[in-house]
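Residue strings, one per chain:
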Amino acid sequence: MMLDVFGLFSVDILYVIIGMVAITLISIILAIVSIVKSSSMRKKYESMMEGSNGKSIENIVKEYTKDIKNLKVLSSENEEAIKDIYEKMQYTFQKFGLVKYDAFHEMGGKLSFALCLLDKNNNGCVVNVMHSNNGCFAYVKEIIDGQSYIEMGEDEAKAVKMAVAGKMGDVELSKEINDMVQRDKK
């Protein structure tokens, strides 16, 4: 059976039906894809809103903006505080050396000690405390750039060397490394 279209041409009705079914199937497939995408987008939207309305989203954004501004101020304050602490650390004792010894060889045990406290530039003091039967005697000697201008005893000198060396353990190697680091910083 043929279909006459405005008297211009004739088309078999079977082809028209097949064409209409194909267009309908394509339309249904496109509708399903649109529904799936719309559903996915709606889930994302609902997740973002989490029970909020437009007004509350505006308040949340304002709150976050205020929090960010507060964090910037706090960060700046912390930066200044850290700089202040760092400057003060330059003048605190950072290295120490401790040598315990028996000052008079009569007490038994090593109750006497020499304690050296130095800052990063090897300035500080060495405290020598000698314990005896008659009492305890303490002496303090100033250390400038790792040296004392007053004669030091063997144990005091050893405590100063340990402090100058820092945590490395090997006194001579540590002194060389500390000297190189100090030269590089200047």
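Residues numbered from 1 in each chain as written. Predicted model: local features only at pLDDT ≥ 70, side-chain atom pairs only at ≥ 80, totals over all residues. Heavy atoms only, no water.

Draft legend 1. Inspection of unusual backbone geometry at higher detail. Even without being glycine, Asn-122 reaches a positive phi, approximately 65°. Counting through the fold element by element, Asn-122 comes out in the loop between strand S4 (112–118) and strand S5 (124–132). For Asn-122, a relative accessible area of 5% translates into the label buried. The phi dihedral of Asp-145 falls on the positive side, at around 55°, and the residue is not glycine. (Helix = DSSP H or I, 4+ residues; strand = E, 2+ residues; numbered from the N terminus. Buried < 20%, exposed > 50% of the residue type's maximum accessible area, 1.4 Å probe, protein only.)

Draft legend 2. Representation of the environment of Leu-118 within the structure. By the element assignment, Leu-118 lies in strand S4. Take Leu-118: its relative accessible area is 0%, and that puts it in the buried class. Considered as a pair, Leu-118 and Ala-163 are 45 residues apart in the sequence and their alpha carbons are 6.7 Å apart. Not counting chain neighbours up to four residues away, the residues in contact with Leu-118 comprise Thr-92, Phe-93, Gln-94, Lys-95, Asn-123, Gly-124, Cys-125, Ile-143, Val-160, Ala-163 and Val-164. (Contact = heavy atoms within 4.5 Å.)

Draft legend 3. Representation of the pattern of salt bridges. In total, this model carries 2 salt bridges according to the counting rule given. Ionic pairing is found between Lys-141 and Glu-156, a salt bridge with its closest N-O pair at 2.8 Å. In this pair, Lys-141 sits in strand S6 (residues 135–144) while Glu-156 sits in helix H3 (residues 154–165), placing the two residues 15 residues apart along the sequence. You'll find Lys-141 and Glu-156 in the same group, each marked buried. (Salt bridge = Lys/Arg side-chain N within 4 Å of Asp/Glu carboxyl O.)

Draft legend 4. Just the sheet that holds strand S3 (residues 95–101), in detail. On the basis of which strands lie adjacent, the open sheet formed by 5 strands has the order S3-S4-S5-S6-S7 and antiparallel pairing. The sheet terminates laterally at S3 and strand S7 (147–148), the two strands that pair on one side only. Inspection of the sheet shows S4 paired to S5 by 6 bridges, in the antiparallel sense. Residue pairing in the sheet places Leu-115 in a bridge with Val-127 of S5. Contacting S3, S4, S5 and S6, H3 runs over the sheet at an angle of about 150° to S3. (Pairing = 2+ DSSP bridges. Axes fitted to C-alpha atoms, helices over the stretch in contact; angles between N-to-C directions.)

Draft legend 5. Structural context of H3. Given a rise of 1.5 Å per residue, 12 residues ought to cover 16 Å, and the 16 Å separating the end C-alpha atoms of H3 matches this to within 8%. Within H3, the full set of buried residues consists of Glu-156, Ala-159, Val-160, Ala-163, Val-164 and Ala-165. Just downstream of H3 lies Gly-166, where phi reads positive at about 80°. (Expected span 1.5 Å × (residues − 1).)

Draft legend 6. Quick look at a nonpolar patch on the surface. A grouping of Ile-17, Val-21, Leu-25, Ile-28, Ile-32 and Val-36 is seen on the molecular surface, where their side chains present a nonpolar patch of about 540 Å² in accessible area. Of note, Ile-28 is situated in helix H1 (residues 13–49). Accessibility expressed as a relative area gives 44% for Ile-28, which makes it partly exposed. (Patch = residues over 30% accessible without salt bridge, like charges linked within 9 Å, V, L, I, M, F, W, Y side chains within 5 Å. Areas by Shrake-Rupley, 256 points an atom, 1.4 Å probe, with all protein chains shown as cover.)

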